[in-house]
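Chain and residue survey
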Protein chains: 2
Amino acid sequence: MIFGLLGDRWTTLILLVLGMGTWRHAELRRVLGRLGAEEKISQRVLTLKLRTLEREGLVMRRVVDSVPPKVSYALTPLGADLRQEAERLIGWVNSRAVAIRAAREAFDRSED
Amino acid sequence: MIFGLLGDRWTTLILLVLGMGTWRHAELRRVLGRLGAEEKISQRVLTLKLRTLEREGLVMRRVVDSVPPKVSYALTPLGADLRQEAERLIGWVNSRAVAIRAAREAFDRSED
DNA sequence: CAGAATCCTGTATGATACTG
DNA sequence: CAGTATCATACAGGATTCTG
């Protein structure tokens with residue numbers, strides 16, 4: 001994978017959503033469940049992904065130690081920057097979607 | 001992952017190497033083994049990756065049906081285009097390598 | 001040489017239950 | 001609410017063997 005960061009099922013999507021603002025864990029989880037045509041992300045995996053992103057300096061974690069605790073997540077400047085790159089790549093794919101689909105169908109037709 | 005193509009261990013590297021020219025299966029396999037600081041790619045996985053790339057219209061496969069057979073691989077124009085995008089992303093990471101490493105070390109220090 | 005078939009293993013992801 | 005712990009599973013990747 002390019003650099004072991006965007007190469008998993010959820011990270012890119014998380015980056016995109018966090019690009020829209022600041023979210024608490026549960027909110028973020030709900031939104032991810034809708035935006036992605038995929039299934040819902042498990043609580044455990046969301047925590048893992050956020051930890052990794054925080055570790056890489058892409059996400060900021062803010063804790064308000066009340067009861068119950070409030071934890072919010074947002075992109076760091078570095079994270080916002082990477083999000084732009086991700087969007088660029090998504091744009092690339094979208095603009096080539098037709099060609100790619102055509103290639104796929106041609107391939108599938110010819111192999112039988 | 002961004003779009004399920006660059007999100008694996010070998011595809012990006014294959015794209016980069018194929019950007020350097022046309023290769024036969026065994027050659028390509030040898031070069032991948034050196035360029036990547038990683039281990040050697042297995043014959044099976046290389047075949048799988050090349051098939052996928054061919055299906056997406058990114059790689060062209062040319063067979064000369066002699067004995068033994070000669071099969072060569074090269075990028076299509078679409079593949080060459082994607083390779084550029086991949087290089088851009090790699091450039092992004094390289095130019096931020098220091099910041100990322102610093103963030104990682106700060107995180108590891110603070111968690112104990 | 002290129003690749004198909006088999007078998008095996010590690011890692012990512014997921015479901016569930018529990019806690020500060 | 002956010003997170004941890006545990007257990008279970010799916011899939012990518014790898015080793016080996018065989019063949020046109």
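Right above here is the structure, for reference.
None of these values were measured; they are calculated from a predicted model.

When helices and strands are tallied, chain A shows five helices and three strands. Going from the N terminus to the C terminus, chain A shows its helices and strands as α-β-α-α-β-β-α-α. Against the 2.2 N^0.38 benchmark of 13 Å for 112 residues, chain A shows a C-alpha radius of gyration of 17 Å, more extended than a compact globule. Counting only C-alpha atoms, chain A reaches 60 × 25 × 20 Å along its principal axes. Counting only residues that meet the buried cut, chain A has 42% of its 112 residues in that class. In chain A, the proportion of contacts linking residues at least 24 apart, taken out of those at least 6 apart, comes to 46%. When the accessible surface of chain A is summed, it comes to about 6,400 Å², and 52% of that surface belongs to carbon and sulfur atoms.

With that out of the way, let us pick up the sheet that holds strand E3 (residues 70-75) of chain B. All names here are of chain B. Pairing in this open sheet of three strands is antiparallel, and the strands run E1-E3-E2 from one edge to the other. A single partner strand is all that each edge strand has here, and the edge strands are strand E1 (23-24) and strand E2 (59-64). Across six bridges, the pairing between E2 and E3 is antiparallel. The residue bridging Arg61 from the neighbouring strand is Tyr73, located in E3. Helix-sheet contacts for helix H1 (residues 11-18) involve E1, E2 and E3, and the interaxial angle to E3 is about 95°.

It is worth spelling out the environment of Leu75(B) at this point. Residue and element names in this part refer to chain B. Within the secondary structure, Leu75 is located in strand E3. Note on Leu75: relative accessible area 14%, which makes it buried. For Leu75 and Arg101, which are 26 residues apart along the polypeptide, the C-alpha to C-alpha distance reads 33 Å. The contacts of Leu75, once residues within four sequence positions are left out, are Leu15, Leu18, Gly19, Leu58, Val59, Met60, Ala80 and Arg83.

Arg9(A), Arg44(A), Lys49(A), Gln43(B) and Arg61(B) are the nearest of the 19 residues found near DNA strand C. Each atom of DNA strand C within 4 Å of the protein was classed as base or backbone; sugar and phosphate made up 56%. Gln43(B) is positioned such that a nitrogen or oxygen atom in its side chain is 2.5 Å from a base nitrogen of DNA strand C. Separating a phosphate oxygen of DNA strand C from a side-chain N or O atom of Arg61(B) is a distance of 2.5 Å. Sorting the residues of the surface near DNA strand C by element identifies helix H3 (43-55) of chain A together with helix H2 (25-35), helix H3 (43-55) and E3 of chain B as the ones contributing at least two each. Residue contributions to the surface near DNA strand C peak at four residues, all from H3(B). Its residues assigned to classes, the surface near DNA strand C comprises eight nonpolar, three polar and eight charged.

Moving on: the interface of chain A and chain B. A common way to express how large an interface is: the accessible area buried when the components associate. Taken together, the contact pairs 30 residues of chain A with 30 residues of chain B. Surface buried jointly by chain A and chain B totals about 3,000 Å² across both partners, of which 66% is contributed by carbon and sulfur atoms. Elements that contribute at least two residues to the side of chain A that touches chain B include exactly H3, helix H4 (77-95) and helix H5 (97-111) of chain A. Among the residues forming the side of chain A that touches chain B, the class breakdown is 15 nonpolar, three polar and twelve charged.

Moving on, we get to the relation of the copies chain A and chain B. Once turned by 180° and shifted 0.1 Å along the axis, chain A lies on chain B with an RMSD of 0.1 Å. On this basis, the relationship between the two copies can be described by a two-fold rotation axis. Within chain A, the C-alpha atom positioned nearest to the axis of rotation is that of Gly7(A), 2.1 Å from it. When the interface residues of chain A are mapped onto chain B, 97% of them again fall at the interface, so both copies present the same face.

Summed over the entire model, instances satisfying the criterion amount to 14 salt bridges over all chains. The closest approach of N and O atoms between Glu56(A) and Arg104(B), which form a salt bridge, is 2.9 Å. On the criterion of chain membership, the pair formed by Glu56(A) in the loop between H3 and strand E2 (59-64) and Arg104(B) in helix H5 (residues 97-111) is interchain, its members lying in two chains. The exposure class of Glu56(A) is buried, given its relative accessible area of 9%. Where Arg96(B) meets Asp81(A), a salt bridge forms, and the shortest distance between an N and an O atom there is 2.3 Å. With one member in each of two chains, Arg96(B) in the loop between helix H4 (77-95) and H5 and Asp81(A) in helix H4 form a pair that bridges those chains.

Rules used in this analysis
Residues numbered from 1 in each chain as written. Chains lettered and ligands numbered in written order. Predicted model: local features only at pLDDT ≥ 70, side-chain atom pairs only at ≥ 80, totals over all residues. Heavy atoms only, no water. Helix = DSSP H or I, 4+ residues; strand = E, 2+ residues; numbered from the N terminus. Rg over C-alpha atoms; globule rule 2.2 N^0.38 Å. Buried < 20%, exposed > 50% of the residue type's maximum accessible area, 1.4 Å probe, protein only. Contact = heavy atoms within 4.5 Å. Areas by Shrake-Rupley, 256 points an atom, 1.4 Å probe, with all protein chains shown as cover. Pairing = 2+ DSSP bridges. Axes fitted to C-alpha atoms, helices over the stretch in contact; angles between N-to-C directions. Near = heavy atom within 4 Å. Polar contact = N/O pair within 3.5 Å; in protein donor to acceptor, adjacent residues only side chain to side chain. Nonpolar A, V, L, I, M, F, W, Y, C, P; charged D, E, K, R; others polar. Buried area = accessible area lost by both parts, 1.4 Å probe. Least-squares fit on C-alpha atoms with pLDDT ≥ 70 in both. Salt bridge = Lys/Arg side-chain N within 4 Å of Asp/Glu carboxyl O.

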